[in-house]
Amino acid sequence: MKQSFIGRLQGFVRVEVTGGRPERLVNLLSEKRMSVWDIRYLDQHRITFHITVRDFFRLRPLLKETGSGLRIRGKEGMPFWLDKLEKRKFFAIGLLGFVIGIYLLSSMVWQVKVEGNETITPERILQAAKEEGIFRTQWKFRLREPSELARGLQSRLPDAAWIGVEVRGTHVIVKVVEARIPVKPPLMNPRHLVASKNALVTDIFAEKGRPLVKPNTYVRKGDILISGLLGDETNTQTVVASGTVKGIVWYKPTVEVPLVRSYKVYTGESKLRSYLVLGSRAVQLTGYGSMPFEQTETIQDRKSLSWRSYVLPIGWLKEKVMEVQIQEHPLEAKEAAAIGLEQAKASILSESGKGSRVISEKILHEKAENGKVYMEVLLEVEEPIAVEQPIVP
């Protein structure tokens, strides 16, 4: 009971009494109603017990009366702890400051996150949150209830269907569900679909408008394929012509391919260099000396220190400088011609648009001179040929 919380606040002492008459001393302690407990006899002339600090200073007359000596074996409780702190003032002040600092830091908002937004920019949401009192270094006790903050943000961001605010420690998370607004189709003026190139029509499908050509019809650039005019001369209606028209277009590209192909080969030799990165500057730590390779390729691996979601301007950089060699491989004329033909088809298809395909291919002319193969190729490509043309009243 004496070692309870209140007892430790008052403080107590463990003492050893030697000599004299220990039994007489115990009786006197009981008569004086002193707070004494845990009395133990070590032998006939030695006993130990615990006594409160207040009653400890009343022991001297009793010790004289019984002819006993006293030794202090231990001190416990708040008074002795405060006495130690008084001897270590700077430590106590630092400990107190640390506790106060931790409390203050944990009572502030240190990060505001935005989740769920797609079209609404984070800057706009953070600005609305700031106007509602949500920003970094804001005191948490000054924040309103999350439901009130969510209603305030909802009124400032009408593009959001729902907004929720959640406080997690020193972080505030703003969750946004955006409203889905249907996309309005652009207004379109009446138009024809005309041929973009000279071609042989292979397929025509008119979604809206009147088709003027049929498959296997040869058309020239600018000919109307699907008309946006409906009716006759007395009763005419203009529409936005739409549909797809494909046709065969002829190309004659010229290609040149070298008879020697160059390859980059890694030898397996490399050298490592490391740097300490401070902001935009780098200090080299290892890998000094001139580079022993004639041709090299460098691979960099940079890492930065971070704390939570903050990236600090301190890190390190590792560079692996690898030796490379350029090797040459001779090609036969047939190999070079096949490579050139594939290059020609790839170039034409990339310009013809989606859905294009090569119907036929033929090499019209081929010659090899000056270490290269020169070719003239005829390609038949089926591709979309319809483009829009506004109808002028």
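Because the structure is a prediction, the values reported are computed rather than measured. (Residues numbered from 1 in each chain as written. Predicted model: local features only at pLDDT ≥ 70, side-chain atom pairs only at ≥ 80, totals over all residues. Heavy atoms only, no water.)

## Comments concerning the packing of aromatic side chains
- Counted under the stated rule, the structure contains three aromatic pairs.
- Judged by centre distance (5.5 Å) and plane angle (65 degrees), the rings of phenylalanine 12 and tryptophan 37 are edge-to-face. Residue phenylalanine 12 is located in strand β1 (residues 12-18), and its partner tryptophan 37 is located in strand β2 (residues 36-43); the two are separated by 25 residues in the primary sequence. Accessibility classification places phenylalanine 12 together with tryptophan 37 in one group, the buried group.
- Measuring from centroid to centroid gives 5.6 Å for phenylalanine 56 and phenylalanine 57, while their planes differ by 80 degrees, and the two rings are edge-to-face.
- With relative accessibility at 65%, the residue phenylalanine 57 sits in the exposed group. (Phe/Tyr/Trp six-rings, centres within 6.5 Å; stacked < 30°, edge-to-face > 60°. Helix = DSSP H or I, 4+ residues; strand = E, 2+ residues; numbered from the N terminus. Buried < 20%, exposed > 50% of the residue type's maximum accessible area, 1.4 Å probe, protein only.)

## Here we look at the confidence of the model for the chain
- Chain-level statistics for the chain give a pLDDT mean of 86 and a share of 93% at 70 or above.
- At the low end of the mean pLDDT range in the chain sits helix α1 (residues 5-10), at 66; at the high end sits strand β11 (residues 218-219), at 95. (pLDDT = per-residue confidence, 0-100.)

## Notes on the side chain of serine 356
- Positionally, serine 356 belongs in the loop between α9 (333-352) and β21 (357-369).
- Only 3.3 Å separates the side chain of serine 356 from the backbone oxygen of serine 352, close enough to count as a polar contact.
- Within the structure, the side chain of serine 356 is placed 2.9 Å from the backbone oxygen of glycine 353, a separation counted as a polar contact.
- Not counting residues up to four positions away in its chain, the partners in contact with serine 356 are Leu349, Val381, Glu382, Glu383 and Pro384. (Polar contact = N/O pair within 3.5 Å; in protein donor to acceptor, adjacent residues only side chain to side chain. Contact = heavy atoms within 4.5 Å.)

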